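Here's the letter readout for the chains.
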Amino acid sequence: AQKITQTQPGMFVQEKEAVTLDCTYDTSDPSYGLFWYKQPSSGEMIFLIYQGSYDQQNATEGRYSLNFQKARKSANLVISASQLGDSAMYFCAISNTGGFKTIFGAGTRLFVKA
Amino acid sequence: NAGVMQNPRHLVRRRGQEARLRCSPMKGHSHVYWYRQLPEEGLKFMVYLQKENIIDESGMPKERFSAEFPKEGPSILRIQQVVRGDSAAYFCASSPGTGPRETQYFGPGTRLLVL
């Protein structure tokens, strides 16, 4: 069975600084995808970034980058130059080989301070 | 290109009533997924459907819950005889295909409150 662990229930970061949100996973599938989603207070789920298990390079999308360490089974999200609008819940997720059952972690609530 | 649409956004039901939640996937997407999110928790997979077929419903409660994705029209998640424990946010997602590289795009969710 697949599992996602996010050990930081809450994080604070100063505006304009970088922050790392931790995510570790467990899976026996050789092929899987790792995702990060943002959920602001309005409630919608916003896709941020994707990393495939066979991708050689870490994924980047604007201010978001994924620090993928396959041997350690970690997929940490790095947000550079934090903005007040980054305050939200962040969920790490993994898809199974079939790709349809995405397993989510419990989330990390990020607070960006002015 | 419109995103995933869900309606209603908020739904209030009394215990014992039925709740119907609708989801229209993104244009070109034939794969639909339903998730449930309890307060302060992550999303939990419920069911995966393709047009007219339920592919995996391993996360769906065995009783009172059903889902469909007809040939025409939106996907429907139906909860019969709702109880207070059904109060949650229900999210629909869609994707153009399936596989570990496919990103699921989420709708805004339906917040169900059972009184």
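Use the structure listed above.
None of these values were measured; they are calculated from a predicted model.

Cut-offs used in this document
Residues numbered from 1 in each chain as written. Chains lettered and ligands numbered in written order. Predicted model: local features only at pLDDT ≥ 70, side-chain atom pairs only at ≥ 80, totals over all residues. Heavy atoms only, no water. Helix = DSSP H or I, 4+ residues; strand = E, 2+ residues; numbered from the N terminus. Rg over C-alpha atoms; globule rule 2.2 N^0.38 Å. Buried < 20%, exposed > 50% of the residue type's maximum accessible area, 1.4 Å probe, protein only. Core = buried A, V, L, I, M, F, W, Y, C linked by side-chain atoms within 4.5 Å. Pairing = 2+ DSSP bridges. Axes fitted to C-alpha atoms, helices over the stretch in contact; angles between N-to-C directions. Contact = heavy atoms within 4.5 Å. Phe/Tyr/Trp six-rings, centres within 6.5 Å; stacked < 30°, edge-to-face > 60°. Salt bridge = Lys/Arg side-chain N within 4 Å of Asp/Glu carboxyl O. Buried area = accessible area lost by both parts, 1.4 Å probe. Polar contact = N/O pair within 3.5 Å; in protein donor to acceptor, adjacent residues only side chain to side chain. Nonpolar A, V, L, I, M, F, W, Y, C, P; charged D, E, K, R; others polar.

On a plain count of helices and strands, chain B comes out with zero helices and 11 strands. Listed N to C, the secondary structure of chain B is β-β-β-β-β-β-β-β-β-β-β in terms of helices and strands. Radius of gyration (C-alpha) of chain B: 13 Å, near the 13 Å computed for a compact globule of 115 residues. With the C-alpha coordinates aligned to their principal axes, the bounding extent of chain B is approximately 40 × 25 × 25 Å. Counting over 115 residues, chain B shows a buried share of 47%.

Next up on the list: the nonpolar core. The nonpolar side chains of a soluble globular protein tend to be buried, and buried together. If you look at the biggest cluster of nonpolar residues, it comprises 24 residues, and the most contacted ones within it are Leu34(A), Trp36(A), Ile49(A), Leu77(A), Tyr90(A) and Leu110(A). Elements that contribute at least two residues to this core include exactly β3 (19-21), β5 (33-39), β6 (46-52), β8 (64-69), β9 (74-79), β10 (88-95) and β12 (108-113) of chain A. By size, the runner-up hydrophobic cluster in this structure holds 23 residues, among which are Ala19(B), Met46(B), Val47(B) and Ala67(B).

On to the sheet that holds strand β1 (residues 5-7) of chain B. Residue and element names in this part refer to chain B. Strand order across the open sheet formed by four strands is β1-β3-β8-β7, with antiparallel pairing between neighbours. Both outer strands of the open sheet, β1 and β7 (65-68), are each paired with one neighbouring strand and no more. With strand direction ignored, the average angle separating the axes of adjacent strands in the sheet is 15°. One ladder, built from four bridges, connects β7 with strand β8 (residues 75-79); its direction is antiparallel.

Residues and elements named next belong to chain A. Within the secondary structure, Lys113 is located in strand β12. When the C-alpha positions of Lys113 and Ser74 are compared, they lie 27 Å apart, and in sequence the two are 39 residues distant. With residues up to four places along the chain from it excluded, the contact list for Lys113 reads Phe12, Val13, Gln14, Glu15 and Leu84.

Enumeration according to the criterion identifies 16 aromatic pairs over all chains in this entry. Where Phe47(A) meets Tyr105(B), the ring centres are 5.9 Å apart and the plane angle is 70°; that geometry is what we call edge-to-face. Placement of Phe47(A) in strand β6 and of Tyr105(B) in strand β10 (residues 105-106) is noted, with the two residues assigned to different chains. Seen in terms of ring centroids, Tyr35(B) and Phe106(B) are 5.4 Å apart; in terms of plane orientation they differ by 45°. Their pairing is tilted. Taken together, the residues span a long stretch of sequence, with Tyr35(B) in strand β4 (residues 31-37) and Phe106(B) in strand β10 at a distance of 71 residues. Residue Tyr35(B) is classed as buried on the basis of its relative accessible area, which comes to 0%. For Phe106(B), a relative accessible area of 10% translates into the label buried. Three or more aromatic residues joined by ring pairs form one cluster here, namely Phe35(A), Tyr37(A), Phe47(A), Tyr50(A), Phe91(A), Phe104(A), Tyr35(B), Phe45(B), Phe91(B), Tyr105(B) and Phe106(B).

Residues and elements named next belong to chain B. With the rule as written, the count across this model stands at seven salt bridges over all chains. With its nearest N and O atoms 2.9 Å apart, the salt bridge here joins Arg78 to Glu18. Remark: Glu18 occurs in the loop between β2 (10-13) and β3 (19-24) and Arg78 occurs in strand β8; sequence separation between them is 60 residues. Accessibility expressed as a relative area gives 26% for Arg78, which makes it partly exposed. On the basis of relative accessible area, Glu18 is assigned to the partly exposed category, the value being 30%. Via salt bridges that share partners, Glu18, Arg20 and Arg78 belong to a single interconnected network.

Turning next to the interface of chain B and chain A. When the parts of a complex come together, some accessible area is lost, and that lost area is often used as the size of the interface. Contacts between the two partners involve 24 residues from chain B, matched on the other side by 27 residues from chain A. With both sides pooled, the region where chain B packs onto chain A buries about 1900 Å², and carbon together with sulfur makes up 52% of that total. Inspection of the region where chain B meets chain A yields one salt bridge. Taken together, the connections running from chain B to chain A amount to six residue pairs in polar contact (both at pLDDT 80 or more). Its residues placed into classes, the side of chain B that touches chain A shows 10 nonpolar, eight polar and six charged.

With that settled, consider the pairing of β8(A). Working note: regular strand, side chains alternate between the two faces of the sheet. All names here are of chain A. Side chains of β8 alternate between two faces, with Tyr64, Leu66 and Phe68 buried and Ser65, Asn67 and Gln69 left unburied. With two bridges joining them, strand β7 (residues 60-61) and β8 adopt antiparallel strand pairing. Along β8, the bridge assignment pairs Glu61 with Tyr64. Turn length for the β7-β8 hairpin, with the two strands adjacent in sequence and antiparallel, is two residues, and the turn residue Gly62 shows positive phi of about 60°.

This next bit is on the side chain of Gln104(B). Following the sequence through the fold, Gln104(B) ends up in the loop between β9 (88-95) and β10. At 2.7 Å, the side chain of Gln104(B) and the side chain of Tyr35(B) are in polar contact.

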